[in-house]
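# Secondary and tertiary structure notes
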Amino acid sequence: MESLSPISTKFSNPNSLPSLLSPFSTFNHRRKSRKCKAWTLSFPCFSSYKTVTTQCKVQLNDRDLVKFDSDWRRSIGRGLFGVAAAAAAMFSVCCDSPALAESLTVAFPVSRAREVNTVQRTLVEAWGLIRETFIDPTFNHQDWDLQLQQTMVEMFPLKTADAAYNKISGMLSTLGDPFTRIISPKEYQNFRIGSDGNLQGVGIFINAEPRTGHLIVLSCIEGSPAARAGIHEGDELIEINGERLDGTDGETAAKKLRGRVGTTVTVKLHSGTGGGSDSGFREVKLSRDFIKLSPVSSAIIPHKTPDGHVSKLGYVKLSAFSQTAAAEMENCIHEMEAQDVCSYILDLRNNPGGLVKVGLDVAQIWLDGDETLVNTIDRDGNMLPINMVDGHAITHDPLVVLVNEGSASASEILAGALHDNGRAILVGHKTFGKGKIQVVSVMIY
């Protein structure tokens, strides 16, 4: 991966700091006995395939200077995010913008609570990344620099990391983009489950119904505890271990369902239209197990053609764009080709997306040449196409792609690439319509 070399414009003197930070810089400049931090941050508009290095300086006093580098790999393609104690900021960008950056020093009073102090650093990095790469250059028509100042003031007296992360979440919520958010270290481990493909739980996919907020079962993994208990798509989760789920988001509910293998969890569900009565309600006790999140399932369906010959149709269901999805689909198609499958259905219904680069890799299983897979538009209105490089399709047999309103993000990119390049016929309903690419920036301390 290529390292970026940012153009540096540093403000090293507290008196020369930007005006938005004057309350902090003045405080630190006059009271030199008090600890302060100065951050030198490089905020590039980056490509998904490059390494970004952020330089940080910790100034303990006028004589002692501890300097360290914090760098992380940013790769949508391989899903190589950080491990261990990492905080992640997810925000909407368009990739492949010019790799230029500026550097500025941000000075602020250090919180006496060590865990809050760590989150202060995350705040500044998240603010800077948004400042340089967020798709809306107006930041939802607000003064983004002032947001940093206000959030830092509110965070300083806090005592816990959770409270501090809530302040960052509040700052990001002002952008008006539901896809831009901060993920704490604990939440990040849960976030990685979807892309790594392994967990311990009950094997159920849930989502909050946008209009009502009710938690609805999207699907159950075949052979999982939830599937064996007869839980079905469309069931509503009412309680988990006797605790009502009113106002609970999907991720919080998912955490309650996960746990060590062999432990149990009791869920209350509602199916059908009970009309306010107890009909349709039931409780199910589930024993947690190892869940393998294989994103690909398939079947070969023999059928007779109009002329009486027996033909084989390959059905491939892709449930998510996890790290293993492209490799698993490639193996699946090779196996079907070996069994003389002569036409295919690719089912992307209720596929919420995942790693965008994986979606592009899947497209190259079906496409040849250097076709354009997707066009991105940066915040300056420049269109930036992403093309294949010497693609070689595994098969050229007829292909139909199934989509519905639950097909989102990478699913839409894949379906669009196959349709617009004349490779597939789309069948189904209008898709979700996300229209944004997220980047996960991991901050490892």
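Residues numbered from 1 in each chain as written. Predicted model: local features only at pLDDT ≥ 70, side-chain atom pairs only at ≥ 80, totals over all residues. Heavy atoms only, no water.

- Per an unreviewed UniProt entry, the chain is named C-terminal processing peptidase, and its organism is Vitis rotundifolia.
- UniProt, in its Function (unreviewed entry) section for the chain, records the words "Protease involved in the C-terminal processing of the chloroplastic D1 protein of photosystem II. This proteolytic processing is necessary to allow the light-driven assembly of the tetranuclear manganese cluster, which is responsible for photosynthetic water oxidation." (UniProt positions renumbered as here; feature names shortened; annotations may be inferred.)

## Some thoughts on the sheet that holds strand β17 (residues 343–347)
- The mixed open sheet is built from five strands, whose spatial order is β15-β16-β17-β20-β21. This sheet does not close on itself; its edge strands, each paired only once, are β15 (296–304) and β21 (425–428). Within this sheet the neighbouring strands show an average axis-to-axis angle of 25°, counted without direction.
- Pairing between β15 and strand β16 (residues 310–318): nine bridges, direction antiparallel. By the bridge assignment, Ser298 is partnered in β16 with Val316.
- Helix-sheet contacts for helix α10 (residues 410–420) involve β17, β20 (399–403) and β21, and the interaxial angle to β20 is about 145°. (Pairing = 2+ DSSP bridges. Helix = DSSP H or I, 4+ residues; strand = E, 2+ residues; numbered from the N terminus. Axes fitted to C-alpha atoms, helices over the stretch in contact; angles between N-to-C directions. Contact = heavy atoms within 4.5 Å.)

## As for the packing of helix α2 (residues 114–133) against helix α3 (residues 144–155)
- Between α2 and α3, the shortest axis-to-axis distance is 11 Å and the interhelical angle comes to 170°. Viewed along their axes, α2 and α3 adopt a mutual orientation that is roughly antiparallel. Touching Val116, Val119, Gln120, Leu123, Val124, Trp127, Ile130 and Arg131 of α2 are Trp144, Asp145, Leu148, Thr151, Met152 and Met155, all from α3.
- Class assignment for the residues of the contact of α2 with α3 results in 10 nonpolar, two polar and two charged. (Parallel < 35°, antiparallel > 145°, perpendicular 65-115°, else oblique. Nonpolar A, V, L, I, M, F, W, Y, C, P; charged D, E, K, R; others polar.)

## Some points on the nonpolar core
- Formed by 38 residues in total, the largest nonpolar core has its most connected members in Met329, Leu346, Leu348, Trp366, Val401 and Leu418.
- Residue assignment for this core shows that the elements contributing at least two residues are β16, α8 (325–338), β17, α9 (356–366), β18 (372–377), β20 and α10.
- In contact with Val401, not counting residues within four places along its chain, are Leu346, Leu348, Ala415, Leu418, Ala424, Ile425, Leu426 and Val427.
- Counting residues in hydrophobic clusters, the runner-up holds 23 residues, among them Ala113, Phe134, Met152 and Ala164. (Core = buried A, V, L, I, M, F, W, Y, C linked by side-chain atoms within 4.5 Å. Buried < 20%, exposed > 50% of the residue type's maximum accessible area, 1.4 Å probe, protein only.)

## Some details on the packing of α9 against α10
- Axis separation between α9 and α10 bottoms out at 9 Å; the angle between their running directions is 25°. In terms of orientation, α9 and α10 fall into the roughly parallel class. Note on packing geometry: the crossing formed by α9 with α10 is right-handed. Touching Val356, Gly359, Leu360, Val362, Ala363 and Trp366 of α9 are Ala410, Ile413, Leu414 and Leu418, all from α10.
- Counted by class, the contact of α9 with α10 contains nine nonpolar, one polar and no charged residues. (Left-handed = near helix turned anticlockwise from the far one by under 90°.)

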